[in-house]
Amino acid sequence: MYKPINSTGYISYQLSGRQDSYLTLKDAMAEGKSVFRPSETIAITGQNSVRLFKNSLDEIIAVKAPVNSIKRALFRNNKKFFNECDDEEKSVANELRLLKQAYPEEKPCYLISGLCAVKPAEWTYRIVMPYIYGCTLDQCVTDMDTSSSFLMLILAVAIELDRIHEQDVIHGDVYFNNALAKRNETSGEYAVHFIDFGSAYSKDATTATITDCKKSAIRWAPERRSPDIDELKPDISQDVYSFGFMISKLFELLPESVDTEPLIFLLLLADIAQATDPDKRPDLSKFIIQIEDGLSPAGEKYQAPRMKR
Ligand SMILES: Nc1ncnc2c1ncn2[C@@H]1O[C@H](COP(=O)(O)OP(=O)(O)OP(=O)(O)O)[C@@H](O)[C@H]1O
Ligand SMILES: [Mg+2]
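Residues numbered from 1 in each chain as written. Chains lettered and ligands numbered in written order. Predicted model: local features only at pLDDT ≥ 70, side-chain atom pairs only at ≥ 80, totals over all residues.

## Let's talk about the environment of Ala200
Here comes step 1: One can find Ala200 in the loop between β11 (190–194) and β12 (201–202).
Here comes step 2: For Ala200, a count of 24 C-beta atoms within 10 Å translates into the label buried.
Here comes step 3: Separated by 106 residues in sequence, Ala200 and Asn94 have C-alpha atoms that sit 8.4 Å apart.
Here comes step 4: With near-sequence residues (within four places) excluded, Ala200 lies in contact with Leu98, Val169, Ile170, His171 and Gly172. (Helix = DSSP H or I, 4+ residues; strand = E, 2+ residues; numbered from the N terminus. Buried ≥ 20, exposed ≤ 12 C-beta atoms within 10 Å, placed from the backbone. Contact = placed C-beta atoms within 7 Å.)

Structure follows, in structure tokens:
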């Protein structure tokens, strides 16, 4: 049933999302499946590669693969490295589970597995997901021309993060390269989609999942980075901390021509969000209300649309 992944060959993914297998081009054609061919690489990060695949109708899917799976095959005699990669299946499956929990309506969204081409005795895993059109938040900010665009963008991020929290998912790595945004040129409003659920956890997660010190970053809430933590409960205030940190960083990227005076209240809120004491961090609803107030013309209440997914 499973064939080695062939980096030069064609891979077919089933859009139904039901079957966790992939096929070579020949098999796929024989079975009348829609064939997605490798198109371009969007990113190779420290841990993963994300590639685009296109079918004959120009439909696009994104496929995320741990680069470790290739390295693991190459370095299988290096025990230290091998052990580090041991949990590949668990971590990829976990990422997919949380992505689906955050975006239950989205198709395709599934896991494929197969034998690795480099060392066919090894199993390797991929997440197949929709390609999201949009720019990372830092890209959006660098060519902004007004402070209200900045408010609109942060507002859309807050609303989307709040919606994800309502699905009982804590993103765990809120940062400007882990969300994509698209601007509506008529209304100026943004549609935001979070990606990268590789550090995400659900509200019933264990301490170990929340505080993965191998991945820990300065944008994470300090309680998640503390090495001697005994027990830490999942809490949305952990995302709020990173959200505040991200706002401060995005603010620094704004072009000098943008009037920053109307953004001061937001910066103050972002500062409080980075309080060491989680209880002092504001709820996202506070961000939403204050930004909507900031965007309201005199005597009129502005309310951003809530996207249904
Ligand atoms: N579904 C998608 N649609 C469009 N672009 C995507 C998608 N998933 C990922 N990307 C692009 O690939 C980049 C890397 O993806 P992702 O953040 O999931 O990988 P990562 O290895 O977990 O990243 P890092 O560890 O650097 O945060 C993203 O910043 C984004 O530009
Ligand atoms: Mg990322």
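## Observations regarding the confidence of the model for the protein
In low-pLDDT regions, the fine details of the predicted coordinates are not to be read closely.
Here comes step 1: The share of residues in the protein with pLDDT of 70 or more is 73%, and the mean pLDDT across the chain is 80.
Here comes step 2: Low pLDDT, under 50, characterises residues 1–25; the stretch is placed with 62 contacts to residues that sit more than four places away or in other chains. (pLDDT = per-residue confidence, 0-100.)

## Some details on the pairing of strand β10 (residues 179–183)
Here comes step 1: Pairing between strand β8 (residues 135–136) and β10: 2 bridges, direction antiparallel. If you follow Cys135 over to β10, its bridge partner there is Ala181.
Here comes step 2: Counted along the chain from β10 to the antiparallel partner β11, the turn is 6 residues long, and its residue Gly188 has a positive phi close to 80°. (Pairing = 2+ DSSP bridges.)

## Structural notes on the site of ligand 1
Here comes step 1: Close to ligand 1 lie 18 residues, the nearest being Ala43, Thr45, Asn48, Ala62 and Asp196.
Here comes step 2: Of all the secondary structure elements, the ones that give two or more residues to the shell around ligand 1 are β3 (37–44), β4 (48–54) and β5 (60–66).
Here comes step 3: Both of domain 1 (11–130) and domain 2 (135–295) provide at least three residues apiece to the shell around ligand 1. (Near = placed C-beta within 6 Å. Domains from an automatic or database assignment.)

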